[in-house]
Amino acid sequence: MRKPVLCSHVIFFGLFAISALAQDSLKSTADIDKAWNRIYREVNYDSLMESYDPVFEVETFGEDVDKAKCEKNFGALQAGAKKIPVSISLNYWTYRCASALERKQEEEQYLQNFSLLARNAFDQASDFRLAKPIRVLHSSDIFSLVDASGNVLLDQYIDLEQFGRHMPWVVVLLDKETKRQRTYTFDFLDLISRTSEPKTGEYRAYRVSLARELIKNYKKQDWQVGVDAQAVLDAVSLNDKAAQLELLKPLALKGYKNASDLMLAICIREKDNACGQFMVDAMLDSLEQKDTEAMIRMAALYSSGVGIKQDADAALALMKSAEQLSGDNGYALRHFVVLHDSKQSVLNLPPKVQQFLETEAFKQNKPILLASYIYMQAKASDITKVLTQYGDRLGIAAKAGNIDIYNLYSASFIVKGNKVEQAKWLETAAKNGSARAQMNWAKYLLEKDPAAQEKAAEWMLESAKNGELEAMQWLVTYYYEKEQWIDAAGWAESGLNFSDLRSGLQLAYLYALEPKGSGFTEANAIEVLEALSAEHDSAKARTLWAGLLMHGNSVKHDTAKAKQLLLQDALKDDVESMYLLGISLMNGDIEPKDVKAGVSWLEKAANLGSKNAKRSLAEYLYSRDATAEEMARAKKYWSELAVKSSPANINTYAWTLCTSTYPGYADAKAGLSLMQLLEEKDLSANRRDTYAACLAANNDFKQAVVQEQRVIDELGKSPDSDKKILLAMKQRLALYQKSQVYTEAPDPR
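Residue positions are counted from 1 within each chain, in the order its sequence is given. Only residues with pLDDT of 70 or above have their local features reported here, since the model is predicted, and side-chain atom pairs are shown and tallied only from 80 upward, although totals for entire chains, interfaces and linings are computed over all residues. With hydrogens and water excluded, all non-hydrogen atoms of the structure serve as input to the side-chain values.

### Focus: the overall build of the chain
Helix and strand counts for the chain stand at 39 helices and four strands. Its C-alpha atoms give the chain principal-axis dimensions of roughly 105 × 65 × 55 Å. In the chain, buried positions account for 53% of the 749 residues. Considering only contacts within the chain whose residues lie at least 6 apart along the sequence, 58% involve residues at least 24 apart. Entry remark: accessible area of the chain is about 34,700 Å², with carbon and sulfur atoms responsible for 49%. Strands here are runs of E lasting at least two residues and helices are runs of H or I lasting at least four, both read from the DSSP assignment and numbered beginning at the N terminus. For the exposure calls, accessible area comes from a 1.4 Å probe over protein chains only, and a residue counts as buried if that area is under 20% of its type's maximum, exposed if over 50%, partly exposed in between. Any two residues having at least one pair of non-hydrogen atoms within 4.5 Å are treated as being in contact. Where accessible areas are quoted, they stem from the Shrake-Rupley method and a 1.4 Å probe; at the residue level, only the protein chains shown are allowed to cover.

### Quick look at the state of the cysteines
Covalently bonding the sulfur atom of one cysteine to the sulfur atom of another cysteine gives a disulfide. Throughout, disulfides are identified as pairs of cysteine sulfur atoms within 2.5 Å of each other. As enumerated under the stated definition, the model contains three disulfides in all. The disulfide bridge from Cys 70 ends at Cys 97, spanning 2.0 Å between sulfur atoms. Measuring the twist about the S-S bond at about -65 degrees, one finds the Cys 70-Cys 97 disulfide to be left-handed. Of this pair, Cys 70 sits in helix H4 (residues 67–83) while Cys 97 is found in helix H5 (residues 88–100), placing the two residues 27 residues apart along the sequence. Owing to a relative accessible area of 0%, Cys 70 belongs among the buried residues under this scheme. A residue is classified by how much of its surface remains accessible, and Cys 97, at 0% relative accessible area, is buried. Residue pairing for Cys 658: its cysteine sulfur links by disulfide to Cys 694, the two sulfurs lying 2.1 Å apart. In this structure the cystine formed by Cys 658 and Cys 694 twists about its S-S bond by roughly 100 degrees; its chirality is therefore right-handed. Highlighted residues: Cys 658 in helix H35 (residues 647–659) and Cys 694 in helix H37 (residues 685–697), separated in sequence by 36 residues.

### Things to note about the pairing of strand E4 (residues 181–187)
Across the seven residues that make up E4, a large majority, five, are buried. In terms of strand pairing, strand E1 (residues 134–135) meets E4 through two bridges, oriented parallel. Across the sheet, the residue bridging to Ile 134 is Phe 186, located in E4. Two elements, strand E3 (residues 169–174) and E4, share six bridges in a ladder whose sense is antiparallel. Two strands are counted as paired when DSSP detects at least two bridges linking them.

### Here's the deal with empty space enclosed by the protein
Two kinds of site are reported from a 1 Å grid over the protein atoms alone, namely cavities, where a 1.4 Å probe fits but cannot get out, and pockets, open sets with protein on both sides within 12 Å along at least five of seven lines, and residues are called lining when an atom falls within 4 Å of a point. Grid points are joined across faces, edges and corners, and a volume is the space filled by probe spheres set on the points. For the structure on display, the rule yields one cavity of 30 Å³ or more. The space that makes up the largest cavity amounts to roughly 70 Å³. In terms of lining residues, the largest cavity is bounded by Ile 32, Trp 36, Val 86, Ile 88, Leu 117, Asn 120, Ala 121, Gln 124, Arg 135, Val 136, Leu 137 and Asp 141. Per-element accounting of the lining of the largest cavity gives the leading share, three residues, to helix H6 (residues 104–123). Gly is placed with the polar residues, together with every amino acid not listed as nonpolar (Ala, Val, Leu, Ile, Met, Phe, Trp, Tyr, Cys and Pro) or charged (Asp, Glu, Lys and Arg). Counted by class, the lining of the largest cavity contains eight nonpolar, two polar and two charged residues.

### Looking at the pattern of salt bridges
By definition here, a salt bridge exists when the distance from a side-chain nitrogen of Lys or Arg to a carboxyl oxygen of Asp or Glu is within 4 Å. In total, this model carries 46 salt bridges according to the counting rule given. Across the pair Arg 165 and Glu 462 runs a salt bridge, and its minimum N-O distance is 3.1 Å. Residue Arg 165 is located in the loop between strand E2 (152–158) and E3, and its partner Glu 462 is located in helix H24 (residues 453–465); the two are separated by 297 residues in the primary sequence. Residue class for Glu 462 comes out partly exposed when judged on its relative accessible area of 26%. Where Lys 241 meets Asp 272, a salt bridge forms, and the shortest distance between an N and an O atom there is 3.0 Å.

### Concerning a negative patch on the surface
Residues Asp 46, Glu 50, Asp 53 and Glu 57 make up a contiguous surface patch of negative charge. Among the elements of the structure, helix H2 (45–50) and helix H3 (53–58) are those that each provide at least two residues to the negative patch. Mapped onto the elements, Glu 57 comes out in helix H3. According to the relative accessible area criterion, Glu 57 is partly exposed, its value standing at 44%. For patches, a residue must show more than 30% relative accessible area and have no salt bridge; joins then use 9 Å for like charges and 5 Å for nonpolar side chains, namely Val, Leu, Ile, Met, Phe, Trp and Tyr. For the purpose of charge, His is not counted, nor are the chain termini; Lys and Arg are scored as positive and Asp and Glu as negative. For this purpose, a charge sits on NZ of Lys, CZ of Arg, CG of Asp or CD of Glu.

### Describing the environment of Pro 592
Mapped onto the elements of the fold, Pro 592 is located in the loop between helix H31 (575–587) and helix H32 (595–607). Its relative accessible area of 64% is what places Pro 592 among the exposed residues. Through-space distance from the C-alpha of Pro 592 to that of Thr 559 is 9.8 Å; in sequence the pair is 33 residues apart.

### A look at unusual backbone geometry
In the segment running from Glu 591 into Pro 592, the intervening peptide bond is cis, with an omega of -5 degrees. Phi at Lys 179 takes a positive value of approximately 60 degrees, unusual for a residue other than glycine. Within the secondary structure layout, Lys 179 lies in the loop between E3 and E4. Overall, the relative accessible area of 54% leaves Lys 179 in the exposed class. Its identity as a non-glycine residue notwithstanding, Lys 271 has a phi of 50 degrees, on the positive side. Summarising the element assignment, Lys 271 is placed in the loop between helix H12 (257–270) and helix H13 (273–288).

### Digging into a nonpolar patch on the surface
A surface patch of nonpolar side chains, about 270 Å² in accessible area, is lined by Tyr 480, Tyr 509 and Leu 513. If you trace the backbone, Tyr 509 turns up in helix H27 (residues 501–513).

### Thoughts on the packing of H12 against H13
Two elements in contact, H12 and H13, have axes separated by 8 Å at closest approach and are oriented at 145 degrees. The chirality of how H12 crosses H13 is left-handed. Contacts between H12 and H13 involve Ser 260, Met 263, Leu 264 and Cys 267 from the former and Cys 275, Gly 276, Phe 278 and Met 279 from the latter. Here the residues of the contact of H12 with H13 sort into six nonpolar, two polar and no charged. Under this scheme, a helix contributes an axis fitted over its contacting stretch, all axes are lines through C-alpha atoms, and angles between N-to-C directions fall in the 0 to 180 degree range. The sense of a crossing depends on the near helix, which, turned anticlockwise from the far helix by less than a right angle, makes the crossing left-handed and, turned clockwise, makes it right-handed.

### Considerations on the sheet that holds E1
On the basis of which strands lie adjacent, the open sheet formed by four strands has the order E1-E4-E3-E2 and mixed pairing. At either end of the open sheet lies a strand with only one pairing partner, and these are E1 and E2. Summarising the sheet, E2 and E3 pair through six bridges and their orientation is antiparallel. Pairing of Gln 156 across the sheet is with Val 171, part of E3.

### Here we look at the nonpolar core
Nonpolar cores are built from buried Ala, Val, Leu, Ile, Met, Phe, Trp, Tyr and Cys residues. Side-chain atoms within 4.5 Å join them into one set. In terms of nonpolar packing, the biggest core is built from 165 residues, with Met 319 and Leu 394 touching the most fellow members. Setting aside anything within four residues of it in sequence, one finds Met 319 in contact with Ile 296, Ala 299, Leu 333, Phe 336, Val 353, Phe 356 and Leu 357. If you look at the next biggest cluster of nonpolar residues, it comprises 67 residues, including Leu 48, Tyr 52, Leu 116 and Phe 122.

### Concerning helix H33 (residues 611–621)
Restricting attention to buried positions, one finds in H33 the residues Ala 613, Lys 614, Ser 616, Leu 617, Ala 618 and Leu 621. The inward-facing, buried residues of H33 contact H31, H32 and helix H34 (628–641). Polar contact criterion, stated in full: a pair of N or O atoms within 3.5 Å, where within protein one must be able to donate a hydrogen and the other to accept it, and residues adjacent in sequence count only if both atoms are side-chain atoms. Measuring from the side-chain oxygen of the N-cap residue of H33 to the backbone nitrogen of Ala 613 gives 3.0 Å; that N-cap residue is Ser 610.

### A word on the packing of aromatic side chains
In summary, the pairing rule links any two rings of Phe, Tyr or Trp, Trp by its six-membered ring, whose centres are within 6.5 Å, and it sorts them by plane angle into stacked for under 30 degrees, edge-to-face for over 60 and tilted for everything else. According to the stated counting rule, one finds 28 aromatic pairs in the structure shown. Seen from their ring centres, Tyr 409 and Phe 413 are 4.8 Å apart, and the 65 degrees between their planes marks the pair as edge-to-face. One end of the pair, Tyr 409, and the other, Phe 413, are both in helix H21 (residues 406–416), four residues apart, so they sit about a helical turn from each other. For the pair shown, Tyr 409 and Phe 413 are each scored as buried. Pairing Tyr 480 with Trp 485 gives two aromatic rings, centres 5.7 Å apart and planes at 65 degrees, and the pair type is edge-to-face. One aromatic cluster is present, built from ring pairs that chain together Phe 61, Tyr 92, Trp 93, Tyr 95, Phe 114, Phe 143, Trp 169, Phe 188, Tyr 218 and Trp 223. In this scheme, the term charge over a ring applies when either NZ of a lysine or CZ of an arginine sits within 6 Å of the ring centre and within 35 degrees of the ring normal. Positioned above the aromatic ring of Trp 601, the side-chain terminus of Lys 604 is 4.4 Å from the ring centre. Taking the ring centre of Tyr 742 as reference, the NZ or CZ of Arg 732 above it sits at 4.7 Å.

Nothing here speaks to function; it is geometry throughout.
The structure is reproduced here in structure tokens:
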């Protein structure tokens with residue numbers, strides 16, 4: 001659903017009645033798109049911003065421009081507008097200065113350009129959350145539009161819900177004539193990212209880092225959007241609720257959007273009456289002025305009974321009034337919904353409020369509300385139940401063009417078992433920007449055709465850009481397999497923006513590889529692992545860290561530190577740490593070498609289910625020097641490991657059973673039975689060699705010859721085959737042709 005354009009200011013009337021007066025005038029939306037594409041391809045952001053310098057000299061919102069400043073900067077303004085014809089502020093302030101200087105021809109030219117740009121900008125506005133923000137080049141463009149519209153700027157903030165691919169800058173305007181509010185969302189982070197760092201600017205990690213730097217800069221300049229956003233980013237990084245509230249209180253007193261919403265959500269979630277009472281007191285002046293955001297926050301307190309007596313009727317009255325004042329488009333009610341961020345806060349909503357929200361959510365003039373309402377219900381219930389309850393009604397909204405609920409509607413067909421409709425709406429949701437749908441559509445394509453990797457990767461890339469963590473993790477593996485190290489690391493780092501442990505471990509692994517030309521180092525890996533160890537208390541991070549300290553190629557070895565790291569978690573029964581500690585002590589990677597202590601750690605890990613520990617113990621115990629009791633233990637470990645889902649373990653155990661010369665160990669019948677568990681596709685050359693040995697050990701020399709010959713033929717075709725291995729295979733074939741078995745003694749310890 002598109003929004004109506006705000007046309008209060010005189011310059012918006014008769015926009016297209018003005019003829020083009022100059023060669024570089026914009027004439028159509030197509031001209032605008034061409035100019036934007038040229039900027040993406042050819043323009044560096046720093047040089048682009050230099051053209052804005054004269055704007056900063058002359059802009060003065062809500063007042064007449066200074067003629068002297070206009071005279072001084074007019075040439076630079078014109079040059080900037082010619083260089084960047086899609087700059088809203090350059091065209092606007094060139095027009096304003098031309099008007100002040102009574103330069104009629106230029107006034108008409110730049111009025112035409114600005115008017116077309118303004119119309120194009122507002123035509124991008126949408127009431128859907130999945131719609132892209134209005135693209136601009138700079139915050140000055142936003143306020144040029146606001147100034148020209150003649151509307152009152154009620155509020156501005158950065159939408160942290162959609163923070164990532166964009167840095168959505170939201171302005172709330174009041175139309176003086178209709179007394180209705182309108183909300184518009186702009187973005188210039190996409191432009192900065194694409195024109196500052198074309199190679200890395202697509203990664204979420206880069207964009208989040210850049211957005212955080214911009215926010216810090218805005219805070220230093222005491223801009224409301226920066227102070228507000230930075231406070232929330234700082235607050236969510238704290239674990240202590242009291243510290244969070246102390247940080248947010250000063251801004252809640254000022255009514256700053258993000259800080260006030262977060263504080264109120266904490267009040268309700270924690271049922272903190274003192275917190276709720278503070279919010280009531282903080283909002284009194286705003287409520288008197290009929291500030292719709294304050295009205296919604298007060299309604300949330302009334303409905304929850306936090307800080308004030310629960311009163312469903314009072315909550316409803318405020319919700320209805322705020323909704324009407326804000327344009328009766330669902331924005332105010334969506335605000336109410338997102339303030340309830342926990343299961344308990346949703347369950348505590350009075351039935352009257354729940355019923356009112358349900359009724360309003362399915363109205364066609366409030367598309368922005370519906371998806372948020374469904375997700376709110378899912379917090380208090382099972383998503384399957386919610387989709388079963390609302391699936392048919394979601395279909396009405398989806399068919400009416402509500403792009404925000406396409407993915408939900410698709411999921412409703414999973415419940416019904418209708419794969420055809422589910423796929424149809426999943427594709428539609430993906431095409432309309434749903435990150436989750438884009439990822440699931442990629443998976444669907446791969447299920448249909450495992451070879452469709454490239455097409456799936458395109459959708460995964462879009463999904464990752466739109467903030468889907470699982471898609472980022474998929475891309476890391478995808479680019480790793482293609483040896484595109486920079487891309488793999490870029491998306492691993494992007495996942496790490498979510499404080500995701502798996503992404504951090506992926507990034508450390510990539511760094512530790514030190515791929516040629518990447519610039520990655522093991523020192524980079526250790527830096528990441530050290531952070532993961534501290535922030536996530538990750539045993540996995542510490543085992544990888546210890547491994548680098550023992551076996552790294554470029555970092556200084558420190559076996560004492562490695563032992564300390566492994567012991568930290570081995571003493572807490574972490575089996576991977578136990579295993580690595582044990583095997584490192586046995587091999588002498590940690591000094592002094594201590595086989596007895598190493599075996600002890602492996603046994604502890606094996607008793608806790610570690611397959612690696614069992615495998616290492618079996619390999620250690622299976623020795624020509626072993627006692628009968630040790631060989632029995634080796635068999636026990638192998639038998640636990642040799643299951644159908646583990647062909648490698650079946651192969652190793654079967655080989656020992658069919659070839660061992662250790663007295664009383666061999667069991668050719670059991671070995672053959674194990675190999676027969678494997679399917680044909682599992683029989684690599686190495687495993688087929690074992691199969692042949694077991695056939696021979698069971699006196700089926702004819703089939704042993706057939707299988708061994710297949711091994712030799714397969715290896716013979718490969719130029720990389722090891723000649724010694726091929727010779728050994730031929731020697732075994734000669735034995736089978738003579739109806740003789742192949743045997744070998746276990747290695748010594």
